[in-house]
Amino acid sequence: MYLYNSATRKKEEFTTHTPGHVEMYTCGPTVYHYAHIGNLRSYIMEDVLEKYLRFAGYDVNRVMNITDVGHLASDADTGEDKMLKGAKREHKTVMEIAKFYTDAFFEDCEKLNIKTPDVVEPATNCIDEYIKIVSTLIEKGRAYVAGGNVYFDTSTLDRYYIFNDHDEEDLAVGVREGVEEDLNKRNKNDFVLWFTKSKFEDQALKWDSPWGVGYPGWHIECTGISLKHNGEYLDLHCGGIDNAFPHHTNEIAQSEAYLGHPWCKQWFHVHHLNTGSGKMSKSKGEFLTISLLEEKGYDPLSYRFFCLQSHYRKALVFSWENLTNAQGAYQKLIRRIAALDPGDGDTDAAVVEDYKEKFLAQVGNDLNTSMGVTLLYDVLKAPANGATRLAVLDELDQVLSLSLLTKAAALRQAEAARSTASGADGCVITGEGDPAVDAMVLARWHAKKAKNFQEADRIRDELKAMGVEVTDTREGAAWRRV
Ligand SMILES: [Zn+2]
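What counts and what doesn't
- Residues numbered from 1 in each chain as written.
- Predicted model: local features only at pLDDT ≥ 70, side-chain atom pairs only at ≥ 80, totals over all residues.
- Helix = DSSP H or I, 4+ residues; strand = E, 2+ residues; numbered from the N terminus.
- Buried ≥ 20, exposed ≤ 12 C-beta atoms within 10 Å, placed from the backbone.
- Contact = placed C-beta atoms within 7 Å.
- Pairing = 2+ DSSP bridges.
- Core = buried A, V, L, I, M, F, W, Y, C linked by C-beta atoms within 7 Å.
- Axes fitted to C-alpha atoms, helices over the stretch in contact; angles between N-to-C directions.
- Parallel < 35°, antiparallel > 145°, perpendicular 65-115°, else oblique.
- Left-handed = near helix turned anticlockwise from the far one by under 90°.
- Nonpolar A, V, L, I, M, F, W, Y, C, P; charged D, E, K, R; others polar.

On to the overall build of the protein chain. Of regular secondary structure, the protein chain possesses 16 helices and 18 strands. The burial tally for the protein chain puts 42% of its 482 residues in the buried class. Here the analysis covers contacts within the protein chain between residues at least 6 apart in sequence; of these, 72% occur between residues at least 24 apart.

As structure tokens, then:
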């Protein structure tokens, strides 16, 4: 596989420290609120990457942290604590907030067919690891205590700007709005490893340490958790592009200073999901969550399909219209797969193998997922029997995870039992076997009958936005997904 490495800014052949085995680390969510679909884009693409590596024959150990302490509202070492902010907003304890939003995160992941990593570790579980690392850094002269906090000394590094697409001037602490300079720091890029003093309101979770009762900085947790579960040599570190600086830069600084050798070879960053007005965030515009998508009638897997159609290193523009188009295309794809006959012939293993090879080569070019999706359409047109084409689609879906075969089988079944839902007044609704849609179509029929055409049109538009087309019939109405 060839993968773009943010650390070298080049596309490189993917290699691992131990042949055939991948140690993979993912920065997990800060569990103070629901994840927005922009955050989830990163997790979808990382999930595809992990599944691709397994499909290519690697054995993968994937580790993810859950940030339940120490993440401040600014990614520098200033600002309010995000967890504390969440707890205050909802009148709950920090641990209640962490539990609630951790569960919510994994529910979203399940809906998006995102596999849970092999190891999921809450930051609060590894305090001893952080203390050990911070103590060693002080012993090695790479960290210092000032004003009650422990800071990493960036002046001891040969090179700090690892992901060097940043302009040093832009990053100068104190220049950015709302960020006050921390006078304890010896160098402007130094960052906190352990807090005992924060100029903001103190948070509830604290632990004893050689430097006083306090809590870890955000960056140290990823180093601690990765060293604990991935070992000293990390092959692949993933995260959203906004984690590159300062979070990942600081992870590299402290990990390599602690280990005394290079730490992680390949860095994989997923770019932003933008709305018409810029980068998506929790504080700006509509708060887009998976639940909101579902409320509006979208299948979460349509969103996964939408993400797979574009490259992870390009900003993706989200709009309801774009999502409606993706949902339409996804449902059409499922319909075409449902039209294949599983009883048509025996599976031709050579054809399956051939497509697997093609998929590995095409998607293996810097995780080109849109080529993977294109290949699905090629399979549909392939001169092979139904059983073979279905077997190929099943293989490729191990990586893409679009539930292609299960959805197609369900549709086949629904069509076999071609639903007829009868309403009052003898209205017969013919559709694809979705009671929620049947109910809306019936409501429209009643509105029309009562000559409330405004309401009837409103429901028709709502159905249209969901990709459902309604036609009137002699007995009632018929609908289909378009
Ligand atoms: Zn991290």
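Right, picking up where we left off after that structure.
Within a beta sheet, neighbouring strands are joined by backbone hydrogen bonds and run either parallel or antiparallel to one another. Strand order across the open sheet formed by four strands is β6-β7-β8-β9, with antiparallel pairing between neighbours. The strands lining the two open edges of the sheet, one partner per strand, are β6 (143-146) and β9 (215-216). In terms of strand pairing, strand β8 (residues 191-195) meets β9 through two bridges, oriented antiparallel. Directly across from phenylalanine 195, in β9, lies its bridge partner tyrosine 215.

Right, let's get into the nonpolar core. One broad trend across soluble globular proteins is that nonpolar side chains are buried collectively. Counting residues in hydrophobic clusters, the biggest one holds 106 residues, and the most contacted among them are Val134 and Leu193. Examining the composition of this core, we find that nine residues originate from one element, helix α1 (residues 37-55), more than from any other. Setting aside anything within four residues of it in sequence, one finds leucine 193 in contact with Val134, Leu137, Ala143, Val150, Tyr151, Phe152, Gly217, Ile220 and Gln254.

Viewed as axis vectors pointing N to C, helix α11 (residues 349-363) and helix α12 (residues 369-381) meet at an angle of 155 degrees, and their least axial separation amounts to 8 Å. By the criterion of interaxial angle, the relationship of α11 to α12 is roughly antiparallel. For the crossing formed where α11 meets α12, the hand is right-handed. Seen from α11, the contacting residues are Tyr355, Lys358, Phe359, Gln362 and Val363; seen from α12, they are Thr369, Met371, Gly372, Leu375 and Val379. Residue composition of the contact of α11 with α12, grouped by class: six nonpolar, three polar and one charged.

It is worth spelling out the sheet that holds strand β13 (residues 278-279) at this point. Here we have three strands laid out as an open sheet, ordered β13-β12-β14, and mixed in their pairing. The open sheet has two edge strands with one neighbour each: β13 and β14 (316-317). As paired strands, strand β12 (residues 273-275) and β14 are joined by two bridges and run parallel to one another. Within β14, the position partnered with leucine 273 by the bridge is leucine 316.

On to the pairing of strand β1 (residues 2-5), then. In this sheet, strand β2 (residues 10-13) lies alongside β1 in antiparallel orientation, the contact comprising four bridges. Pairing of asparagine 5 across the sheet is with lysine 10, part of β2. Where β1 folds back on β2, the antiparallel hairpin that results is connected by four residues, among which arginine 9 adopts a positive phi of roughly 60 degrees.

The next thing to look at is the environment of leucine 404. Looking at the secondary structure, you find leucine 404 in helix α14 (residues 404-416). Here leucine 404 falls in the buried class, since 21 other C-beta atoms lie within 10 Å of it. When the C-alpha positions of leucine 404 and arginine 335 are compared, they lie 9.7 Å apart, and in sequence the two are 69 residues distant. Leaving out residues up to four positions away in the same chain, leucine 404 has contacts with Ile334, Ile337, Leu393 and Asp397.

Attention shifts here to unusual backbone geometry. Cis geometry marks the peptide bond from phenylalanine 245 to proline 246, where omega comes out at 0 degrees. You can see proline 246 is positioned in helix α7 (residues 244-259). Positive phi values are uncommon outside glycine, yet aspartate 366 reaches one of about 55 degrees. Here aspartate 366 is to be found in the loop between α11 and α12. Judged by local crowding, aspartate 366 falls into the partly exposed class, with 17 C-beta atoms found within 10 Å. Positioned with a positive phi, serine 403 is a non-glycine residue whose angle comes to about 55 degrees. If you trace the backbone, serine 403 turns up in the loop between α13 (386-400) and α14.

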